[in-house]
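Understanding the architecture of this molecule
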Amino acid sequence: MAAEEIQQDIVKVATQAVAVEAVRAYVEQIHSRGRVDFTDAGRMVGHLMSAEVLLMDVAEAFAPAD
């Protein structure tokens, strides 16, 4: 395995770790505020939009290399 391939693998794993940690931190932030008010539509939309962005980041981080 060439040094360039190893470096790309290291960057890929680091990118994946950052994406997963961002999701973990977001979930922890939600849980730290107590119960989620499911009747607050604006807040729920905000959570869904944030989750969508995080999921796109995770999908990109775990996508196969071109």
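Source: prediction; values computed, not measured. (Residues numbered from 1 in each chain as written. Predicted model: local features only at pLDDT ≥ 70, side-chain atom pairs only at ≥ 80, totals over all residues. Heavy atoms only, no water.)

Next up on the list: the overall build of the protein chain. When you go through the protein chain residue by residue, the secondary structure sums to two helices and zero strands. Relative to the 2.2 N^0.38 estimate, which gives 11 Å for 66 residues, the radius of gyration of the protein chain is 16 Å and therefore markedly larger than a compact globule would have. On the principal axes, the C-alpha backbone points of the protein chain span a range of 55 × 20 × 10 Å. Residues counted as buried form 11% of the 66 residues belonging to the protein chain. Counting 5 positive and 11 negative side-chain charges, the protein chain places the averaged centre of each group 14 Å from the other. (Helix = DSSP H or I, 4+ residues; strand = E, 2+ residues; numbered from the N terminus. Rg over C-alpha atoms; globule rule 2.2 N^0.38 Å. Buried < 20%, exposed > 50% of the residue type's maximum accessible area, 1.4 Å probe, protein only. Lys, Arg positive; Asp, Glu negative; His and termini not counted. Charge placed at Lys NZ, Arg CZ, Asp CG, Glu CD.)

An ideal rise of 1.5 Å per residue puts 44 Å on 30 residues; helix α1 (residues 3-32) measures up with 43 Å between its terminal C-alpha atoms. Within the span of α1, buried status applies to Gln16, Ala19, Tyr26 and Ile30. Elements that come into contact with the buried residues of α1 comprise α2 (41-62). Following α1 by one or two positions, Gly34 has its phi on the positive side, about 90 degrees. (Expected span 1.5 Å × (residues − 1). Contact = heavy atoms within 4.5 Å.)

Under the defined criterion, the tally for this structure stands at two salt bridges. The salt bridge partner of Arg24 is Glu21, with a shortest N-O separation of 2.7 Å. Taken as a pair, Arg24 and Glu21 lie in helix α1 at a separation of three residues, close to a single helical turn. Judged by its relative accessible area of 39%, Glu21 falls in the partly exposed class. Two residues, Asp40 and Arg43, come together in a salt bridge whose shortest N-O distance is 3.6 Å. Judged by relative accessible area, which is 43%, Arg43 ranks as partly exposed. (Salt bridge = Lys/Arg side-chain N within 4 Å of Asp/Glu carboxyl O.)

This paragraph deals with α2. Given a rise of 1.5 Å per residue, 22 residues ought to cover 32 Å, and the 31 Å separating the end C-alpha atoms of α2 matches this to within 8%. Among all positions in α2, only His47, Leu54 and Ala61 are buried. The buried residues of α2 occupy an angular sector of 45 degrees when the element is viewed end-on, so they sit on one face. Of the residues in α2, the exposed ones pointing more than 90 degrees away from the buried face are Ala41, Gly42, Leu48, Met49, Leu55 and Glu60. (Arc of directions from axis to C-beta.)

With their axes 8 Å apart at the nearest point, α1 and α2 run at an angle of 160 degrees to one another. In terms of their interaxial angle, α1 and α2 are classed as roughly antiparallel. Where α1 crosses over α2, the two elements pack in a sense that is left-handed. Between α1 and α2, the residues in contact are Lys12, Thr15, Gln16, Ala19, Val20, Ala22, Val23, Tyr26 and Ile30 and Gly46, His47, Ser50, Leu54, Asp57, Val58, Glu60, Ala61 and Phe62, respectively. (Axes fitted to C-alpha atoms, helices over the stretch in contact; angles between N-to-C directions. Parallel < 35°, antiparallel > 145°, perpendicular 65-115°, else oblique. Left-handed = near helix turned anticlockwise from the far one by under 90°.)

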